[in-house]
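# Observations on the three-dimensional arrangement
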Amino acid sequence: MTEQKQRIVVVTGGSRGIGRAICISLAAPDTHIYFNYFSPSDPDAEAAAAAETEKLVADAGGSAVSSSVNIAEEKEVVSFFEEILDKSGRIDVLVNNAGITKDGLLVRMKEKDWDAVLNINLKGAFTCTRIAAKAMMKQRYGRIINMASVVGVTGNAGQANYSASKAGLIGLTKTAAKELAPRGITVNAIAPGFIETDMTALLSEKARNAMLDQVPLGRAGQPEDVAAVVAFLASESASYLTGQVIHVSGGMYI
């Protein structure tokens, strides 16, 4: 990496859960973080959560700015990255973390629920990667980290759309890694398992216990467990690691 005043990091879906933990883990005096949030159902609450993430990053010694951006809409993503590049001139790290679920059995799944999940989880990551990669190629340096899932490898009943999006993200990771390696850009994926987030907090006790039964370590993971791996992959210590899928799942996939 060439000498510079600040490392520029972009994190999608940074207002809560794993995304927030990632922003905090990357906070440093020489790092500036841009992250997006988006919630059409409760925009005020999401904006407040994003503001809290900004504060926590500042408390950790870094700086962050959030924007409301729908990752599924290409025009919004392009504007988001154009603003970042206009202000900072470069992008060093991209973390494609934004994701949603709309679960249902395959034969009952509505087309709109399939499209919504694929558009954010996979298409959104593709759009962000395509734009960021162009800047990184000029720099001849970059780190791209994609948030996949254990179910992208194992599959999961009731999650055809989510599993397909995460499996697709793994394929995108491996292809991008091959294409971008000659320009000094690494591309890796993380596959979390059962992590304590707002999403998993909605599970019934029965569903929660069923998930825990699949974890050899016998406990749920924390967002910080995932964020620690992101911080490693974004560091110079991971400069010879690319095209990999790292499972942070307590042994759910062995």
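A few points on the structure. Note that the structure is a prediction, hence the values are computed from the model and not measured. (Residues numbered from 1 in each chain as written. Predicted model: local features only at pLDDT ≥ 70, side-chain atom pairs only at ≥ 80, totals over all residues. Heavy atoms only, no water.)

## Focus: the nonpolar core
Just so we agree on the cut-off: Among buried residues, the Ala, Val, Leu, Ile, Met, Phe, Trp, Tyr and Cys ones that are joined through side-chain atoms within 4.5 Å form a nonpolar core. Relative accessible area decides the class of each residue, using a 1.4 Å probe on protein chains only: under 20% of the type maximum gives buried, over 50% gives exposed, and in between gives partly exposed. We count a stretch as a helix when DSSP gives it H or I for four or more residues in a row; a strand needs E for two or more, and each element gets its number in order from the N terminus. Two residues qualify as a contact provided that any one of their heavy atoms is within 4.5 Å of a heavy atom in the partner residue.
Core analysis: the largest hydrophobic core is formed by 28 residues, its most contacted members being Ile22, Ile33 and Ile190. Elements supplying a minimum of two residues to this core: strand S1 (7-11), helix H1 (17-25), strand S2 (31-37), helix H2 (43-59), strand S4 (93-96), strand S5 (142-147) and helix H9 (223-233). If one sorts the elements of this core by residue count, H9 sits on top with 5 residues. Dropping the residues within four chain positions of it, Ile190 is found in contact with Ile145, Asn146, Met147, Ala148, Ser149, Val226, Val229, Val230, Leu233, Ile246 and Val248. Listed in part, the 23 residues of the second largest apolar core include Ile84, Leu94, Ile131 and Met136.

## Quick notes on the packing of helix H4 (residues 111-139) against helix H6 (residues 160-180)
The packing of two helices is summarised by the inter-axis angle and the distance between the axes. Selection rule: Throughout, an axis means a line fitted to C-alpha atoms (over the contacting stretch in the case of helices), and angles, computed between N-to-C directions, take values from 0 to 180 degrees. The cut-offs work like this: below 35 degrees is roughly parallel, past 145 is roughly antiparallel, 65 to 115 is roughly perpendicular, and the gaps in between are oblique. Left-handed describes a crossing whose near helix is turned anticlockwise from the far helix by less than a right angle; the clockwise case is right-handed. Residues are grouped as follows: Ala, Val, Leu, Ile, Met, Phe, Trp, Tyr, Cys and Pro are nonpolar; Asp, Glu, Lys and Arg are charged; every other residue, Gly included, is polar.
Look at H4 against H6: their axes get within 8 Å of each other, and the N-to-C directions meet at 15°. As summarised for this structure, H4 and H6 are arranged roughly parallel, according to the angle between their axes. Like other packed secondary-structure pairs, H4 and H6 cross with a definite hand, here right-handed. Along the contact surface, H4 presents Asp113, Trp114, Val117, Leu118, Asn121, Leu122, Ala125, Phe126, Ala133 and Met137, while H6 presents Ala160, Asn161, Tyr162, Ala164, Ser165, Lys166, Gly168, Leu169, Leu172 and Leu180. Across the contact of H4 with H6, the residue classes break down as 14 nonpolar, 4 polar and 2 charged.

## Considering the side chain of Glu46
Among the structural elements, Glu46 can be located in helix H2. When its relative accessible area of 11% is taken as the criterion, Glu46 is described as buried. Sequence-distant contacts of Glu46, defined by excluding residues within four places in its chain, comprise Ser15, Arg16, Tyr37, Phe38 and Ser39.

## Regarding the pairing of S1
A regular strand carries its side chains on alternate faces of the sheet. As a reminder of what qualifies: For two strands to be treated as a pair, DSSP must find no fewer than two bridges joining them. With the strands aimed away from the viewer, a crossover counts as right-handed if its path from the first strand over the helix to the second runs clockwise.
With 5 of 5 residues buried, S1 is to be regarded as a mostly interior element. Neither face of S1 is open: one carries Arg7, Val9 and Val11, the other Ile8 and Val10, and all of them are buried. Where S1 meets S2, 5 bridges bridge the pair, whose relative direction is parallel. Counted as the bridge partner of Ile8 is His32 from S2. Considered for its hand, the β-α-β crossover made up of S1, H1 and S2 is right-handed. As paired strands, S1 and S4 are joined by 3 bridges and run parallel to one another. Following the sheet pairing, Val9 is matched in S4 by Val93.

## Some details on the state of the cysteines
In a disulfide, the sulfur atoms of two cysteines are held together by a covalent bond. Operational definition: By convention in this document, the label disulfide applies to cysteine sulfur atom pairs within 2.5 Å.
Under the definition given, this model contains 0 disulfides. In this structure Cys23 is a free cysteine whose sulfur lies 13 Å from that of Cys128, the closest cysteine sulfur available. With relative accessibility at 0%, the residue Cys23 sits in the buried group. The buried category is assigned to Cys128, whose relative accessible area is 0%.

## A look at the sheet that holds S5
One open sheet holds the 7 strands; their spatial order is S3-S2-S1-S4-S5-S6-S7, and the pairing between them is parallel. In this open sheet, the two strands that pair with only one neighbour each are strand S3 (63-68) and strand S7 (245-248). Averaged over all adjacent pairs, the angle separating strand axes in this sheet is 20°, with direction ignored. Relative to strand S6 (residues 185-192), S5 runs parallel, the two being bridged by 6 bridges. If you follow Gly142 over to S6, its bridge partner there is Ile185. Taken strand by strand, H2 contacts S2 and S3, and its axis lies near 165° from that of S2. On the sheet, helix H3 (residues 74-88) packs against S1, S2, S3 and S4 and is oriented at approximately 165° with respect to S2.

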